Amino acid sequence: MTAQKIPSLHKVYQNYFEIGAAVNAKTVETQRDLLIKHVNSLTAENEMKPENLQPEEGKFTFETADKIVRFAKENKMKMRGHTLVWHNQMPDWFFTTQSGSKVSREQLLDRMKTHIHTVVNHYKDDVYCWDVVNEAVEDKGTDLLRKSPWLEIIGKDFIEKAFEYAHEADPDALLFYNDYNESHPEKRDKIYTLVKSLIDKGVPIHGIGLQGHWNLEDPHLDDIRQAIEKYASLGLQLQLTELDISMFKWDDRRTDIKEPTEEMLEKQTDRYEKIFALLREYKDVITCVTFWGFADDYTWLDDFPVEGRKNWPFLFDENHEPKQSFWKVVRDL
């Protein structure tokens, strides 16, 4: 099918929300035409994470991320920033002194502030929103926050400090808290509690990022709806920030499936159709839906969390052709 006969996804959804994709230095080339046609928002998959932007203290390496930003600007796409503070993909030096001991609270706050100010200022004219803090909530149990060097060294106020520093650097940027398993009731309630506490303290936060790393069965649509409504009750905007529909459950160990079966594709089509129908109901609070990738030739789910397991989580196949799920998502719009 020629590209001309395929409707542009972001144009079809122009009255609902923006359509985004996470990209890297390779996929902006290999998926270039597909991205230009179908998305109007980009997120750097890894290139803006701290280990890539400041691998050594005081040494900022913006070159690769800058290329992605230029691609977005050249094609009139918005740019999301991801991410400023996370427990993963942080360079080791962030939390230790030159002698190898643990840094003090004051030193870590200073490093956090320097990193956030430098990065946010660098992209001040190009990045309209930031995932300021990523995945700080504990999945299970009674603890609200996951154990991390940030929490251990600074304390629970590391989150509000990160938002304050980002707001100082760019008062016009929209600032998000971003997390996964956001529709599971136990974690949903914790995320709500955290964000409400930030709002109550006057912390500059503008949105919640629902990652949306879902599969053919989980989470239940009712849980997604309840999560959207609960978060929206806080008066913040919502974005789906990392959407993909895995063909497998997280702990499914099968590695023998080399191409998706018809049953898998049918289930995925039904899943995408119902999810987008649900998201459209909340167009007044959802401002962007970003896929974590865009076509099945590249996904972080290949080999993760199960080595040797191929996945096919998107609306476009490995040849960049629209799958049946794409046609269900754009149908009647």
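Computed from a predicted model, the values in this text were never measured in an experiment.

So, how was this worked out
What you see as residue numbers is a count from 1 along each chain, following the sequence as written. Where local features are concerned, this predicted model is filtered to residues with pLDDT of at least 70; where side-chain atom pairs are given and counted, the filter is 80 or more; whole-chain, interface and lining totals use all residues. The basis for every side-chain value is the complete set of heavy atoms in the structure, and neither hydrogens nor water enter the calculation. In this text, helices come from DSSP runs of H or I with a minimum length of four residues, and strands from runs of E with a minimum of two, each type numbered from the N-terminal end. Here, expected helix span is obtained from the residue count minus one, scaled by 1.5 Å. Note on exposure labels: buried denotes an accessible area under 20% of the residue type's maximum, exposed denotes more than 50%, and partly exposed covers the range between, all computed with a 1.4 Å probe on protein chains only. Should any heavy atoms of two residues lie within 4.5 Å, those residues are considered in contact. Axis lines are fitted to C-alpha atoms, over the contacting stretch for helices. Their N-to-C directions set the angle, which ranges from 0 to 180 degrees. Oblique is the label for every angle not falling under 35 degrees (roughly parallel), over 145 degrees (roughly antiparallel), or within 65 to 115 degrees (roughly perpendicular). The term polar contact refers here to a pair of N or O atoms within 3.5 Å; inside protein, the definition further demands a hydrogen-donor-capable atom paired with an acceptor-capable atom, and it admits residues adjacent in sequence only when both atoms are side-chain atoms. Here, a strand pair is defined by DSSP locating no fewer than two bridges between the strands. Crossover handedness is defined by viewing with both strands directed away from the observer: a clockwise path from the first strand over the helix to the second marks the crossover as right-handed.

Caption draft 1: Layout of helix 8 (residues 158-169). Taking 1.5 Å of rise per residue, 12 residues should cover 16 Å, and helix 8 covers 17 Å from first to last C-alpha, within 8% of that figure. For helix 8, the full list of buried residues reads Phe 158, Ile 159, Glu 160, Ala 162, Phe 163, Tyr 165, Ala 166 and Ala 169. In this structure, the buried residues of helix 8 make contact with strand 3 (78-85), helix 6 (105-122), strand 4 (129-134), helix 7 (149-153), strand 5 (174-179) and helix 9 (185-200).

Caption draft 2: Here's a closer look at the packing of helix 9 against helix 10 (residues 221-232). Orientation of helix 9 relative to helix 10, taken along the N-to-C sense of each, is 10°, at an axis distance of 10 Å. The angle between the axes of helix 9 and helix 10 places the two elements in the roughly parallel class. Taken together, the residues of helix 10 that come into contact with helix 9 (itself represented by Pro 185, Arg 188, Asp 189, Ile 191 and Tyr 192) are Asp 223, Gln 226, Ala 227, Lys 230 and Tyr 231.

Caption draft 3: Layout of the environment of Ser 104. The topology assignment puts Ser 104 in the loop between strand 3 and helix 6. Taking the relative accessible area as the measure of exposure, Ser 104 reaches 32% and is therefore partly exposed. C-alpha of Ser 104 to C-alpha of Ser 197: the two residues are 93 residues apart in sequence and 25 Å apart in space. A polar side-chain atom of Ser 104 sits 3.1 Å from the main-chain amide nitrogen of Gln 107.

Caption draft 4: Main features of the environment of Tyr 231. Tracing the backbone through its elements, the reader meets Tyr 231 in helix 10. Under the relative-accessibility criterion, Tyr 231 is labelled buried at 0%. Each residue touching Tyr 231, except ones within four places of it in the same chain, is listed here: Glu 182, Arg 188, Ile 191, Tyr 192, Ile 208, Leu 210 and Leu 238. Polar contacts involving the side chain of Tyr 231 include one to the main-chain carbonyl oxygen of Glu 182, which spans 2.6 Å.

Caption draft 5: Examining unusual backbone geometry more closely. With an omega of 0°, the peptide bond between Asp 218 and Pro 219 qualifies as cis. Summarising the element assignment, Pro 219 is placed in the loop between strand 7 (213-215) and helix 10. Pro 305 follows Phe 304 through a cis peptide bond whose omega is 5°. Structurally, Pro 305 is set in the loop between strand 9 (286-291) and helix 12 (324-330). If you check the backbone angles, Asn 181 has positive phi at about 50° while not being a glycine.

Caption draft 6: Structural view of the pairing of strand 9. Counting buried positions over the 6 residues of strand 9 gives 5, a clear majority of the element. Note that strand 1 (residues 18-23) and strand 9 share 4 bridges and pair parallel. Bridged to Ala 21 within strand 9 is Phe 291. For strand 8 (residues 237-246) and strand 9, the ladder comprises 4 bridges, and the chain directions are parallel. When the sheet's bridge partners are listed, Leu 240 is paired in strand 9 with Val 289. With respect to chirality, the unit in which strand 8 leads through helix 11 (residues 262-281) into the neighbouring parallel strand 9 is right-handed.

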